[in-house]
Every structure is written in C-alpha cells, then in structure tokens.
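Secondary and tertiary structure notes
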Amino acid sequence: MASKKGIAATAIILAAITGASFLLWLVPQEDETTFIVTDYENYLDGVKNIHEVLQESMEIEYQNLRNGEITPQEYIVVADVTSSQVTSQISEFITSKPPEVWQDSYISYMEALKKFNSYIGETKVLANLIEKGSTDAELEQVIEKIESMKKESLEYAKNSEEQRPN
C-alpha cells in the first residue's frame, strides 16, 4: 500500500514543477507575451524530459489507484496537479514561436501533451467510477479509452521526434 509520505512527496514534487512553470505568468508582462527560445532542440528536449517524468509519475499513481493502494480522491489530487503542469507546458509551446523548420515537430509534441492531458482527465473519470462502485463493464470501457489515449500521446511524441530537422 502506498504510504502517505510517498503520496505527499509526489504531490509536492508535482506542485514544485507547476509552481516553477507558473513563474512565467507572475513576471510583469507587456500586452503580448512571447516565450523566447533560441535553442529549439534543447527546449524541446527539456519539455520531453518533463513530460516523461510526469508520465512515469502518473503511471505509478494510476497503478496504485487500480490496485486500491490509494483512494480515488487521493489520485484526483495528484492528477489535477499533473494536469496543471501539462497545461503550463502547452501554454509555453503556444507562445514559443519556433522557426518554420521546427514547427511540425513542435506541433506534434504539443499534440502529444494535449492527448496526455486528455488521458489524465479520463483517468480521473475512472477514479470517480471506482469511487461510485461502477460495474466491471463500465470500468473496462473507460480503461480501453485510457489506453487508447496513452497510445495516441506516444504516437504524437514519436512523430515529433521524426519531424525534427537534421
């Protein structure tokens, strides 16, 4: 069974990442915000690394939910924090304005993040169904949808990698 310390540590780590990302929004800004990136490859690599950490964290918590090691409400708290972080990453992508040679790769990775966020949302639906005591058939239908979204997110990430300029 997952310890409360483990859950708290995961939530704190995700909150710290989210907080750091939102610092961008706390800095006084002019009318139009542009996230300035000069090294598009390293920026995309950084986002990819953050995404991988978030995926691993969510996979662990999702399995804990499925195994009954954490409550649906505990899972939803972690999912909400992770979703907030993913939304922040998507916002940065939108404002980064990559040059044309990087646009396809960036757009594909942004789609991977969006699909990952949808995956997180659907796992929250599953958590709510578990809490309500839904039937196995209802749960299985949502689980299939979750797995499909996960695959789509990975496909978009793979496409992004293939679309990187040489």
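Residues numbered from 1 in each chain as written. Predicted model: local features only at pLDDT ≥ 70, side-chain atom pairs only at ≥ 80, totals over all residues. Heavy atoms only, no water.

Describing the overall build of the protein
Scanning the protein from N- to C-terminus turns up 5 helices and 0 strands. Listed by position from the N terminus, the elements making up the protein come as α-α-α-α-α. Looking at the 166 residues of the protein, the share that counts as buried comes to 39%. Just so you have it, the protein exposes about 9400 Å², and 55% of that area is on carbon and sulfur atoms. (Helix = DSSP H or I, 4+ residues; strand = E, 2+ residues; numbered from the N terminus. Buried < 20%, exposed > 50% of the residue type's maximum accessible area, 1.4 Å probe, protein only. Areas by Shrake-Rupley, 256 points an atom, 1.4 Å probe, with all protein chains shown as cover.)

Describing the pattern of salt bridges
By the definition in use, this model includes 8 salt bridges. A salt bridge links Lys114 to Glu111; its shortest N-O distance comes to 3.7 Å. Of the two residues, Lys114 and Glu111 are both situated in helix α4 (residues 100-132); the distance of 3 residues between them amounts to about one turn of the helix. Among the charged side chains, a salt-bridge network with shared partners connects Asp45, Lys48, Glu161 and Arg164. (Salt bridge = Lys/Arg side-chain N within 4 Å of Asp/Glu carboxyl O.)

Some details on the environment of Glu138
Position of Glu138 relative to the elements: it lies in helix α5 (residues 136-162). Overall, Glu138 belongs to the partly exposed group, its relative accessible area being 38%. Through-space distance from the C-alpha of Glu138 to that of Leu126 is 9.1 Å; in sequence the pair is 12 residues apart.

Section: unusual backbone geometry
If you check the backbone angles, Lys97 has positive phi at about 45 degrees while not being a glycine. Locating Lys97 in the fold gives a position in the loop between α3 (72-96) and α4. Look at Lys97 and you get partly exposed, because its relative accessible area is 48%.

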